[in-house]
Amino acid sequence: MSPEPAVAAPEAAPAAPGPDPLLDRFMRHQRRARDFDLRRPWVLDTAVSAFVFLVSLADLLPGGRDGDGGPFQAESDAQAAFPFYVPLAFALTLALAVWWRRRHPTAVFFIVSTLVFTQWAIGLWQPAGMSVLIALYALASLGSLRLLAWAVAMVVVETSLLVLVLQDIEEPLLGLFFLLGTVTAAVALGLTVRVRRLYTAALEDRARRLEVERDQRERLIASAERARIAREMHDILGHTLSVMVTLADGAATLAVKRGEPSAGALRMLGDTGREAMGELRRVLGVLRADDRDSRSLSPQPGVADLDTLLERVRAAGLTVTCQTSGHLDRLSPSVQLTVYRIIQEALTNTLKHAGLPASAAVTLTASAGEVRIRVADTGVPRPAPDEDREPGHGLIGIRQRAALYGGTATIGPREVGTGWIVDVVLQRHPAPDTEQAPS
């Protein structure tokens, strides 16, 4: 029989391009500028108002009106007929009005547009007229969109009347093209900033909601894991108390036959054990009400069942080696169950994420005061769990079981080579502050 052809491995997806350093630096500076503006908005408002006034003031100084006026050269020459304080008053009023543009964009636009078109109608053209573009930008960015449409229509109509009908301009079409082009640019820029701000706010709100959902999901996972541990402890403690009650009743019966005075104390011990079992069923037994899968009467697994677990994992294609040391059979049933579950979760995580072919090494050591479990695999590298990523159920379960016995859990990539490591240290007796955790 001819061998089956080898299946070609899928090509790796091309790596995503990294962030551009120049763009990243620009975004950082932009965030800093935005944060500064949120803390001190008056700084930018004052700067814009001062710019509008100073540009017009430079035009009003002696010799400032000379030169080429472009399409408005004739009207620029006519400004000399006005007293100095008239254009100065217009420039100062427009600069003060612009200062309030972000607080009252609609009112500022109508005030500024009225002043600008008034001075244009009387033949006064000065750089302070740019304030109507600033007001349009503020209205498009912060004001009502319905009023923005009316404002744009009003500006277009008034500008067309001034340039084509009311004023005698040498090149009216060129002047109209220049004015309407700047109006379009101001409105487009304001709308772009508005859409970007809304999009950023939506992303930030979604990130906050996802963070809340992640925290809630983690708490639910941790609660479910604690409930599962509590159910297992219920089984172990129930079995242990049953043995104690049986032994106490047997010893009491034997003491009665022999006429020993300890029979009363032994009966009291048996009655106390039965009361404890009843309380245990009432407190922890409710956790089994919704767990249909936990009604099996089979005993809970322990260290002796690790061989069966490893065989199942090897049958799935993972190469596993196991090394043990110490008196593992002397561990309490609850500690053995915790050891078994931690190794099971770690190997399951390896099967899911390490890929094949891969191998795992299990090391289990029991000393006088603690038990150490170490599971290391050689699969593909995975990033370490952090606060920005949602941890899996298995990792939360391992940490919960380690905390139940006052231990520590180190989970993450291996320092040497590729792969993953789970290193857990358990105390042989539950920590005092976690003994009541199952309830």
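In case you missed it, the structure is sitting above this.
Residues numbered from 1 in each chain as written. Predicted model: local features only at pLDDT ≥ 70, side-chain atom pairs only at ≥ 80, totals over all residues. Heavy atoms only, no water.

K.L.:
Help me understand the packing of helix α5 (residues 105–121) against helix α6 (residues 131–142) in this model?
P.N.:
If you want to describe how two helices pack, look at the angle between their axes and the distance between the axes. Close contact between α5 and α6 brings their axes to 9 Å; oriented N to C, the two are set at 160°. Taken together, α5 and α6 sit at an angle that is classed as roughly antiparallel. In this structure, α5 crosses over α6, and the sense of that crossing is left-handed. Facing Pro105, Thr106, Val108, Phe109, Val112, Ser113 and Val116 of α5, the residues of α6 in contact are Ser131, Val132, Ala135, Leu136, Ala138, Leu139 and Leu142. For the contact of α5 with α6, a count of residues per class yields 11 nonpolar, three polar and no charged. (Axes fitted to C-alpha atoms, helices over the stretch in contact; angles between N-to-C directions. Helix = DSSP H or I, 4+ residues; strand = E, 2+ residues; numbered from the N terminus. Parallel < 35°, antiparallel > 145°, perpendicular 65-115°, else oblique. Left-handed = near helix turned anticlockwise from the far one by under 90°. Contact = heavy atoms within 4.5 Å. Nonpolar A, V, L, I, M, F, W, Y, C, P; charged D, E, K, R; others polar.)

K.L.:
Would you mind showing me how to read the sheet that holds strand β4 (residues 408–413) here?
P.N.:
Note on sheets: strands pair through backbone hydrogen bonds, and any given pair is parallel or antiparallel. If you walk across this open sheet you meet the five strands as β1-β2-β3-β5-β4, and the pairing is mixed. Among the strands making up the open sheet, the edge pair consists of β1 (319–325) and β4. Averaged over all neighbouring strand pairs, the angle between strand axes comes to 5°, with direction disregarded. Alignment of strand β2 (residues 359–366) against strand β3 (residues 370–377), held across seven bridges, turns out to be antiparallel. Looking across to β3, one finds that threonine 363 is bridged to arginine 374. Relative to β1, helix α10 (residues 306–315) is tilted by about 160°, and along the sheet it contacts β1 and β2. The sheet contacts of helix α11 (residues 333–353) involve β1, β2, β3 and β5 (420–427), and relative to β3 the element is tilted by about 10°. (Pairing = 2+ DSSP bridges.)

K.L.:
Would you mind showing me how to read the environment of threonine 192 here?
P.N.:
Assignment of secondary structure puts threonine 192 in helix α8 (residues 172–258). Here the side chain of threonine 192 touches alanine 188 through a polar contact of 2.8 Å, landing on its backbone oxygen. (Polar contact = N/O pair within 3.5 Å; in protein donor to acceptor, adjacent residues only side chain to side chain.)

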